Amino acid sequence: MTPRFFLFDFDGTITSADTMLCFIRYACGKRRFLLGFALFSPLILLMKLHLYANWRVKQQIFSWFFRGMKLTEFDDLCRRFAADNKYLIRPDAYKKLDELFLWNQTIAIVTASIENWVIPFFDELRVDSDSDFRVIGTKIEVGDDGRLTGRFLTFNCYGYEKLRRVMAEFPIIGESRLKCDIVAYGDSRGDRELLAYAHTSFYRFFNKRNTPPGKKK
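Residues numbered from 1 in each chain as written. Predicted model: local features only at pLDDT ≥ 70, side-chain atom pairs only at ≥ 80, totals over all residues. Heavy atoms only, no water.

Caption draft 1: The pattern of salt bridges, seen in detail. Evaluation of the coordinates by the stated rule reveals 15 salt bridges. The closest approach of N and O atoms between Arg126 and Asp123, which form a salt bridge, is 3.9 Å. Placement of both Arg126 and Asp123 in helix H8 (residues 123–126) is noted, with a separation of 3 residues, approximately one turn of the helix. Among the residues examined, Arg126 registers a relative accessible area of 36% and is labelled partly exposed. Overall, Asp123 belongs to the partly exposed group, its relative accessible area being 38%. (Salt bridge = Lys/Arg side-chain N within 4 Å of Asp/Glu carboxyl O. Helix = DSSP H or I, 4+ residues; strand = E, 2+ residues; numbered from the N terminus. Buried < 20%, exposed > 50% of the residue type's maximum accessible area, 1.4 Å probe, protein only.)

What follows is the structure, encoded as structure tokens:
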């Protein structure tokens, strides 16, 4: 049987908002959230103008808010964030994922978001499922003292990097596209390469204005 892989972008595809912004506001409060982004607004503008690397801006913002926090405290915060913000998951996306977990499919969330707060969103769906489930996202560095250094261990999972990370995670996908069946869901420019490589691709499928799938041989 040809192995099938279901690959999903997270922010904007499964969720209705950018979870990094939501998480920072949840974790730090509105005042600190606004102060932090006011301080980084010049860099954010340069990033929007493609004059400064996206991952560098994200790392600096993440570091400003969370550097020095214990990993145990951060992970607990991530779990509470997911539990308190289930409404961020689009209903149609939840329904589709629930179906795939019930069928014990191979599912990967491919995202530029931090893995720590993405994973808990799927804890409920994974109960009693034998699916091969993975989150392929941004990994954070933890010092020997168990505290966050504020640095990322991976490149921004965007564009071709998404496809590269998927191929590294599932070698059969990298060996030959003909040996498997890839179904991908995305919503932005950052998903273009992954959607193009997939055999069946869905663009903004869970939004109100669903786009029909693109099927490729």
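So much for the structure itself; the text now carries on.
Caption draft 2: Focus on a nonpolar patch on the surface. A surface patch of nonpolar side chains, amounting to about 390 Å² of accessible area, comprises Leu45, Leu46, Leu49 and Leu51. Here Leu51 shows up in the loop between helix H3 (41–48) and helix H4 (54–66). (Patch = residues over 30% accessible without salt bridge, like charges linked within 9 Å, V, L, I, M, F, W, Y side chains within 5 Å. Areas by Shrake-Rupley, 256 points an atom, 1.4 Å probe, with all protein chains shown as cover.)

Caption draft 3: Local environment of the packing of aromatic side chains. Taken as a whole and assessed by the stated rule, the structure comprises 27 aromatic pairs. Between Phe5 and Phe170 the ring centres are 4.9 Å apart and the planes differ by 55°, which places this aromatic pair in the tilted class. Linking Phe5 in strand E1 (residues 4–8) with Phe170 in the loop between helix H9 (160–169) and helix H10 (171–175), this pair joins segments that are 165 residues apart in sequence. In this structure Phe170 comes out as buried when scored by relative accessible area, which is 4%. Ring plane angle 45° and centroid distance 4.8 Å describe the contact between Phe33 and Phe37, whose orientation is recorded as tilted. (Phe/Tyr/Trp six-rings, centres within 6.5 Å; stacked < 30°, edge-to-face > 60°.)

Caption draft 4: Looking closely at the pairing of E1. A large share of E1 lies buried, amounting to 4 of its 5 residues. By the bridge criterion, 5 bridges tie E1 to strand E6 (residues 181–186) in an arrangement that is parallel. Within E6, the residue paired with Arg4 across the bridge is Asp181. Pairing geometry for E1 and strand E2 (residues 106–114), over 4 bridges, is parallel. (Pairing = 2+ DSSP bridges.)

Caption draft 5: Region of the structure containing the pairing of E2. The buried fraction of E2 is high, at 9 of 9 residues. Bridge count for E2 against strand E3 (residues 132–138) is 6 bridges, and the pairing is parallel. Across the sheet, the residue bridging to Val110 is Ile136, located in E3.

Caption draft 6: Structural detail: helix H2 (residues 30–39). Turning to H2, its buried residues number three or more, namely Phe33, Gly36 and Phe37. End-on view of H2: buried residues confined to an arc of 90°, all on one side of the axis. Across from the buried face of H2, at angles greater than 90 degrees, the exposed residues are Arg31 and Leu39. Looking at the buried side of H2, the elements it contacts are helix H1 (19–28), H3 and H4. (Arc of directions from axis to C-beta. Contact = heavy atoms within 4.5 Å.)

Caption draft 7: Seen up close, the environment of Glu99. Structurally, Glu99 can be placed in helix H6 (residues 91–102). By relative accessible area, Glu99 is classed as partly exposed at 30%. In terms of polar contacts, Glu99 uses its side chain to reach the side chain of Lys96, at 3.2 Å. (Polar contact = N/O pair within 3.5 Å; in protein donor to acceptor, adjacent residues only side chain to side chain.)

Caption draft 8: Inspection of the side chain of Lys58 at higher detail. Tracing the backbone through its elements, the reader meets Lys58 in helix H4. The residues touching Lys58, leaving out its near neighbours within four places in the chain, are Met20, Ala112, Phe152 and Asn156.

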